[in-house]
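Coordinate inspection notes
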Amino acid sequence: MLKISDTTFGSRLFLGTGKFSSAGVMKEAMEASGTEMITVALRRVDLDNPEDDIMSVLDRQRYTFLPNTSGARDSKEAIRLAHLARAASGTPWLKLEVTPDPRTLLPDPAETLIATEQLVKEGFIVLPYMNADPVLALRLQDVGAAAVMPLGSPIGTNQGILTAFQVEIIIEQARVPVVVDAGIGAPSHAALAMEMGADAVLVNTAISIAKDPVAMARAFGQAVEAGRTAFEAGMGRRTSQASASSPESGKLENDLGFLN
Amino acid sequence: MLKISDTTFGSRLFLGTGKFSSAGVMKEAMEASGTEMITVALRRVDLDNPEDDIMSVLDRQRYTFLPNTSGARDSKEAIRLAHLARAASGTPWLKLEVTPDPRTLLPDPAETLIATEQLVKEGFIVLPYMNADPVLALRLQDVGAAAVMPLGSPIGTNQGILTAFQVEIIIEQARVPVVVDAGIGAPSHAALAMEMGADAVLVNTAISIAKDPVAMARAFGQAVEAGRTAFEAGMGRRTSQASASSPESGKLENDLGFLN
Amino acid sequence: MLKISDTTFGSRLFLGTGKFSSAGVMKEAMEASGTEMITVALRRVDLDNPEDDIMSVLDRQRYTFLPNTSGARDSKEAIRLAHLARAASGTPWLKLEVTPDPRTLLPDPAETLIATEQLVKEGFIVLPYMNADPVLALRLQDVGAAAVMPLGSPIGTNQGILTAFQVEIIIEQARVPVVVDAGIGAPSHAALAMEMGADAVLVNTAISIAKDPVAMARAFGQAVEAGRTAFEAGMGRRTSQASASSPESGKLENDLGFLN
Amino acid sequence: MLKISDTTFGSRLFLGTGKFSSAGVMKEAMEASGTEMITVALRRVDLDNPEDDIMSVLDRQRYTFLPNTSGARDSKEAIRLAHLARAASGTPWLKLEVTPDPRTLLPDPAETLIATEQLVKEGFIVLPYMNADPVLALRLQDVGAAAVMPLGSPIGTNQGILTAFQVEIIIEQARVPVVVDAGIGAPSHAALAMEMGADAVLVNTAISIAKDPVAMARAFGQAVEAGRTAFEAGMGRRTSQASASSPESGKLENDLGFLN
Amino acid sequence: MTIHLNGKPYQTVGSEPKISQILNELQIDPTSVVVELNSGIIAPDRFSDTLLKQDDRLELIRFVGGG
Amino acid sequence: MTIHLNGKPYQTVGSEPKISQILNELQIDPTSVVVELNSGIIAPDRFSDTLLKQDDRLELIRFVGGG
Amino acid sequence: MTIHLNGKPYQTVGSEPKISQILNELQIDPTSVVVELNSGIIAPDRFSDTLLKQDDRLELIRFVGGG
Amino acid sequence: MTIHLNGKPYQTVGSEPKISQILNELQIDPTSVVVELNSGIIAPDRFSDTLLKQDDRLELIRFVGGG
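Quick caveat: nothing in here was measured; it's all calculated off a predicted structure.

With respect to C-alpha atoms, chain B approaches chain H no nearer than 33 Å, and the pair has no contact. Note that chain F does not reach chain H: the shortest distance linking a C-alpha of one to a C-alpha of the other is 50 Å.

Structural data, given as structure tokens:
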């Protein structure tokens, strides 16, 4: 059972809430996915649509809310957003994002480390989004990150886990849960992350912009379960040498000797 | 719904029966996997264990049996095994394998084509195991193959779908179901095959030699469903350009302008 | 030194002559590449340009000409083209191509095998272009192919050696030279082929459609030499465990103990 | 022509001096490689071999020496080693390495940034070894790094450029030379780095532990030139669609119509 | 009276209005937003007794869909 | 009398035994095997009236686990 | 007289011309092509004494750039 | 007299020897090393007039092969 800080989760799939075509589709997708952890972002109220409030449509009993600091370009902006997020959510959960470059949306390792240390001291449960950097993962754990969220590939690219070798090292060395985030574009990517031993994955656009987001959410839910089950069931090694699944033929004789 | 020849299948996972530790584990794994198609091989009776008969433990109503011609090194041996298989099974279903090289266990394209043409004429439902060769796939369909079974990687290597670009072409051009066979070592591989548009996958050793074959069988069953669902739900393209899942930040101003 | 049939070659780079912007550029590129083996195709004379004759511009003493059978869709057409090629070139060298599908331009394994056997009997030196199929490679050698030419990826795609695992097996089992053909789009691909132990590579469009074909030809010539030299110099294995290039630090003490 | 700080280099291959079997082999390899930039490490004098001094065998006029800070686990140790290196070499060139984890030998992004900023202020020409982290690369350039040295894969693994997507972004955004370091195990890896647009590569163990280090050094020298030449000659794009190198066949008629 | 609301000038109805009045004017459910006044967060229970002054910078923030 | 059973010499109990007798001797359920005699398949309903001769090649085949 | 030249109808100048005449008309160097007449290859030394007849299928082939 | 040389105890020949004497004892070419005394770098031109005291920490460092 996945446990982060003191909370346990029945599902290892975290769901982002961005880019859904409607609140209805989003809610159905959440249910189909089986997720128990939902990310949300903070933005200025759209004064032209004052009633448009995502929290009014979500079941706060059913899901743990994980506000992110998307938009923050440095530790200062991220910390300010963290304070707003706590005030708005009433909880200390935080997905820390510090992305100075709007083009790549890749995280800043030094600023992420500074913000993590500060926010942990302030009592936040911090899950930092990070490049798949094994040393940074150790440092973030040293300053109290509740989990680490290495990226598989740049956000929104659907390229899967291009950072496999680094993620493997991060998992091997981890003292807290490892949640693979960003770039997971297909159920096979999610299953692979779990087979590698990741504790959870966060998926958003691959589901929300699918032609059928609800079916896709179900698919990801199944894939995460499949991957985790396989990890626990003990997968076979890759080899370079072929070996028959049918009984091997022995030395060759006349007739059906090739069967033996 | 998968349809091969005139038979429809509720599951897109085919299960091989080789290398299970016991008949009991095998039966449980079959049930956990949800499969409806089972492969078996032909061998000489072990005269020291005359009662040891796999068919006595399998439910012939529940599963379609797909005898293979494993051990055959050329079309002549394969055709002879096909006749024995039909006599033993009472059905025309056949997984055609012609593997002259015991080291790589890779199939012979020319002999496979010859045997397919002959056996189709004799009324067999032929599913040829083949290298992932798009032109060969077309030729096999021309002579009446009921499905084609391109390999992902050499049998037993668990290396997954190393032949992805060829399999994609085969699927694109296929007029019969495409069943990816051999090398599928993890649920993520099976999910990937389905996401690519394969009609089914055949898995054996990855399940039978897992530490917990029953759990692994369940995992593969889920992964195949997940991959197929994703294929039908319309997956997003891979891109090289990042795009935010949270609303994009606009131009930068004072204060929280970075949120906009 | 590369030897095919009874001819030795000082360069392991074979050059195709298609799609060059001019005869002058083509000749310069040939010289820059260091190649000694040139492929050409057969086509009907363009009656509007009766003087346009590639052979008039090429130095027949300097290069061995390897006519191909491009355009042939089956063994019959390929054999007919082979006869025309021999009549036109006065030599028995032949790159056999049988590609029934104009869309993928992938070779037909069965027809290629039939044509190879026939043409070898007629005294041709046959280098068949083939899918990277290890069993087919063995069969082609059995019927007398002077070399085998497995494809790296579909012609013209520049995707490199997507068929690495099959090519490795082909090389391991080869009794004749292995020439990697098609898909080689960068010097790094050519170097990789040679590092894997291939005997030569054939490159065409990657050079002829480069912005600077002459420089690109030189680059491929260097890369082929580099890869071959590395193969002979004995490359290190890939490992998953890091190891320092600087002397390892020993146990930690005060001061500079970390250096030891 | 490669230019770092105010120095230009005729070769884009940097050579590490670790793990050579003898000073003689090392010198020959340097010459064969064509390199003009050599890395060295600092260690306590071996009191049992007081004459064993690498600098006595190297031509200080011919090569630029790039001392590294290998062994340093944090910015403080790295800065101290930098001071010793400058005192020993008399030059401000420095390859900054901060690797807290002796198992993975991966660099610490935050400590590397701190040490770079400090050492640049002290007048060092700093080339930081770094994880392939695009945002970190920008930050290091902001504080005055003379070049950035992203890793291809963990040091000594020979796995090549597993970090290709990140390195591509780093190159795209770079305002200083990008030198790919670590994991380059074959000439094809070095050629690939140059084709991607890297300014140089650093190679050590792939050469020093080869069976024939001198030949391997020559191979890497050629491969780097080949890759750079190809980059400048304008490589073709990868495509998924095949295209013939021989003239395309037109519509099919009787006779040789397939040639047209 | 003019304040800066979410980075743009905003003309209040009365002078020195309370935050709660602004929310009311804008038809925003007070429980659905977090309010920042001149970079300091204002607790919901102070909305009704916090007066706004000329040129105050008021930010109304809420959760939206994000990954 | 000697026949070749699954590629090995086999001494039959009587002379010219029927296939059904051989199966019986070996305690093999006739419905669980397919029988080849001198490379020809013998239908189950002929087991009891097919006599074996000296040096006949008899193959007893059945399904086993395979992929 | 009409023949089929490289798959297209071709009007010869005279009747029953020799292959060498056709090549000459077309300004094609005889040493640069291989000639197929009604699917049979004609050796260069027979160009000057091989007469073409109505509806003959003549193919003039040569090498071009190819991979 | 005892100093700490490269992290290990070292018995000097005389008392209060100069760095140059130590290098000489050890047969180390002074131009081939960098010297740290109690964590401070000593310039080569001070080797001959820098006296070592009991328990001084002396580090003799030089370049070696590295990547």
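Moving on from the model shown.
On to the relation of the copies chain C and chain D, then. Least-squares fitting of chain C to chain D yields an RMSD of 0.0 Å, with the transformation described by 0.0 Å of translation along the axis and a rotation of 180°. Seen this way, the second copy is the image of the first under a two-fold rotation axis. Distance from the rotation axis, computed per C-alpha, reaches its smallest value in chain C at Ser188 of chain C: 2.2 Å. Here 100% of the interface residues in chain C have copies in chain D that are interface residues too; the copies meet face to matching face.

Now for the sheet that holds strand β6 (residues 93–96) of chain A. Residue and element names in this part refer to chain A. Spatially, 3 strands are ordered β6-β7-β8 in an open sheet, and the strand pairing comes out parallel. Each having just a single partner strand, β6 and β8 (149–150) make up the two edges of the open sheet. As paired elements, β6 and strand β7 (residues 125–130) share 4 bridges and run parallel to each other. Each bridged residue has a counterpart across the sheet, and for Lys95 the counterpart in β7 is Leu127. Taken strand by strand, helix α3 (residues 109–121) contacts β6 and β7, and its axis lies near 175° from that of β7.

Attention shifts here to helix α6 (residues 187–195) of chain D. Counted residue by residue, α6 of chain D has 8 buried out of 9 residues, so it is predominantly covered. If you check which residues of α6 of chain D are buried, you get Pro187, Ser188, His189, Ala190, Ala191, Ala193, Met194 and Glu195 of chain D. Where α6 of chain D is buried, its residues contact α7 (187–195) and α9 (213–233) of chain C together with β9 (179–181), β10 (200–203) and α8 (213–233) of chain D. Positive phi appears at Gly197 of chain D, one or two residues downstream of α6 of chain D, with a value of about 105°.

All right, on to the relation of the copies chain C and chain B then. The transformation that overlays chain C on chain B combines an axial shift of 0.0 Å with a rotation of 180°, and the residual RMSD is 0.0 Å. Looking at chain C, 100% of its interface residues are interface residues in chain B too, so the copies touch through the same face.

Attention now moves to the sheet that holds strand β6 (residues 93–96) of chain C. All names here are of chain C. Pairing is parallel in the open sheet, where 3 strands are placed in the order β6-β7-β8. Lying at the two open borders of the sheet, with one neighbouring strand each, are β6 and β8 (149–150). Where strand β7 (residues 125–130) and β8 come together, 2 bridges link them in parallel fashion. Counted as the bridge partner of Met130 is Pro150 from β8. Relative to β7, helix α4 (residues 109–121) is tilted by about 175°, and along the sheet it contacts β6 and β7.

Before going further, it helps to spend a moment on the environment of Leu26 of chain G. Secondary-structure assignment places Leu26 of chain G in the loop between α1 (19–25) and β3 (34–37). Given the relative accessible area of 12%, Leu26 of chain G is considered buried.

Listed as interface residues are 30 residues of chain C and, on the opposing side, 30 residues of chain B. Taking both partners together, chain C and chain B bury about 2,100 Å²; carbon and sulfur atoms supply 60% of that area. Counting across the interface, chain C meets chain B through 6 salt bridges. Among the salt bridges present, the one from Glu111 of chain B reaches Arg139 of chain C, with a minimum N-O distance of 3.8 Å. Linking chain C with chain B are 8 residue pairs in polar contact (both at pLDDT 80 or more), by the criterion used here. Contributions of two or more residues to the side of chain C that touches chain B are made by α4, α5 (134–142) and α6 (164–173) of chain C. In terms of residue class, the side of chain C that touches chain B is built from 16 nonpolar, 7 polar and 7 charged.

Turning next to the environment of Arg103 of chain A. Relative to the assigned elements, Arg103 of chain A resides in the loop between β6 and α3. Setting aside residues no more than four positions away along its own chain, Arg103 of chain A makes contact with Gln241 and Ala242 of chain B together with Glu172 and Gln173 of chain D.

This next bit is on the interface of chain C and chain D. A common way to report how large an interface is uses the accessible area buried once the components associate. At the junction of the two partners, chain C supplies 71 residues and chain D supplies 71 residues. For the pair chain C and chain D, the summed buried surface comes to about 5,900 Å²; carbon and sulfur atoms form 55% of the total. Put simply, chain C and chain D have 0 salt bridges between them. Between the two partners, chain C and chain D, sit 20 residue pairs in polar contact (both at pLDDT 80 or more). For the side of chain C that touches chain D, the secondary structure elements donating two or more residues are β4 (37–44), α3 (75–89), α7 and α9 of chain C. Here the residues of the side of chain C that touches chain D sort into 28 nonpolar, 27 polar and 16 charged.

Another point: unusual backbone geometry. Even without glycine at this site, Ser5 of chain C takes up a positive phi of about 50°. Along the chain, Ser5 of chain C turns up in the loop between β1 (2–4) and β2 (7–9). Exposure remark for Ser5 of chain C: the relative accessible area of 36% places this residue in the partly exposed category. If you check the backbone angles, Asp55 of chain F has positive phi at about 70° while not being a glycine. Assessed through its relative accessible area of 46%, Asp55 of chain F is described here as partly exposed.

Right, let's talk about helix α1 (residues 23–33) of chain D for a bit. Residue and element names in this part refer to chain D. Along α1, the positions that sit buried rather than exposed are Met26, Ala29, Met30 and Ser33. On an axial view of α1, the arc spanned by its buried residues comes to 100°, and they lie on one face. Residues of α1 that are buried sit in contact with β3 (13–16), β4 (37–44), α7 (205–208) and α8. Where α1 starts, the residue carrying a side-chain oxygen 3.3 Å from the main-chain nitrogen of Gly24 turns out to be Ser22. Directly after α1, the chain includes Gly34, whose backbone phi takes a positive value near 80°.

Right, let's get into the packing of aromatic side chains. Tallied over the full model, the rule gives 8 aromatic pairs over all chains. Considering the side-chain rings of Phe9 of chain A and Trp93 of chain A, the 5.9 Å spacing of their centres and the 80° angle between planes classify their relative orientation as edge-to-face. Of this pair, Phe9 of chain A sits in strand β2 (residues 7–9) while Trp93 of chain A sits in strand β6, and the two are 84 residues apart along the sequence. Under the relative-accessibility criterion, Phe9 of chain A is labelled buried at 2%. Ring geometry for Phe9 of chain C versus Phe14 of chain C: centroids 6.0 Å apart, planes at 55°, classification tilted. Grouped by ring-pair contacts, the aromatic residues Phe9, Phe14 and Trp93 of chain A constitute a single cluster.

Quick look at the pattern of salt bridges now. Throughout the structure, instances matching the rule amount to 54 salt bridges over all chains. A salt bridge links Glu97 of chain A to Lys95 of chain A, with the shortest nitrogen-to-oxygen separation between them at 3.1 Å. The pair formed by Glu97 of chain A and Lys95 of chain A is uniform in burial state, with each residue classed as buried. With a shortest N-O distance of 4.0 Å, Arg62 of chain B and Glu31 of chain B are connected by a salt bridge.

With that out of the way, let us pick up the environment of Arg43 of chain B. All names here are of chain B. Relative to the elements of secondary structure, Arg43 occurs in strand β4 (residues 37–44). It is 9.7 Å that separates the C-alpha atoms of Arg43 and Leu81, two residues lying 38 residues apart in sequence. Side-chain polar atoms of Arg43 contact the backbone oxygen of Ser70, separated by 3.2 Å.

Each value, and the rule that gives it
- Residues numbered from 1 in each chain as written.
- Chains lettered and ligands numbered in written order.
- Predicted model: local features only at pLDDT ≥ 70, side-chain atom pairs only at ≥ 80, totals over all residues.
- Heavy atoms only, no water.
- Contact = heavy atoms within 4.5 Å.
- Least-squares fit on C-alpha atoms with pLDDT ≥ 70 in both.
- Pairing = 2+ DSSP bridges.
- Helix = DSSP H or I, 4+ residues; strand = E, 2+ residues; numbered from the N terminus.
- Axes fitted to C-alpha atoms, helices over the stretch in contact; angles between N-to-C directions.
- Buried < 20%, exposed > 50% of the residue type's maximum accessible area, 1.4 Å probe, protein only.
- Buried area = accessible area lost by both parts, 1.4 Å probe.
- Salt bridge = Lys/Arg side-chain N within 4 Å of Asp/Glu carboxyl O.
- Polar contact = N/O pair within 3.5 Å; in protein donor to acceptor, adjacent residues only side chain to side chain.
- Nonpolar A, V, L, I, M, F, W, Y, C, P; charged D, E, K, R; others polar.
- Arc of directions from axis to C-beta.
- Phe/Tyr/Trp six-rings, centres within 6.5 Å; stacked < 30°, edge-to-face > 60°.

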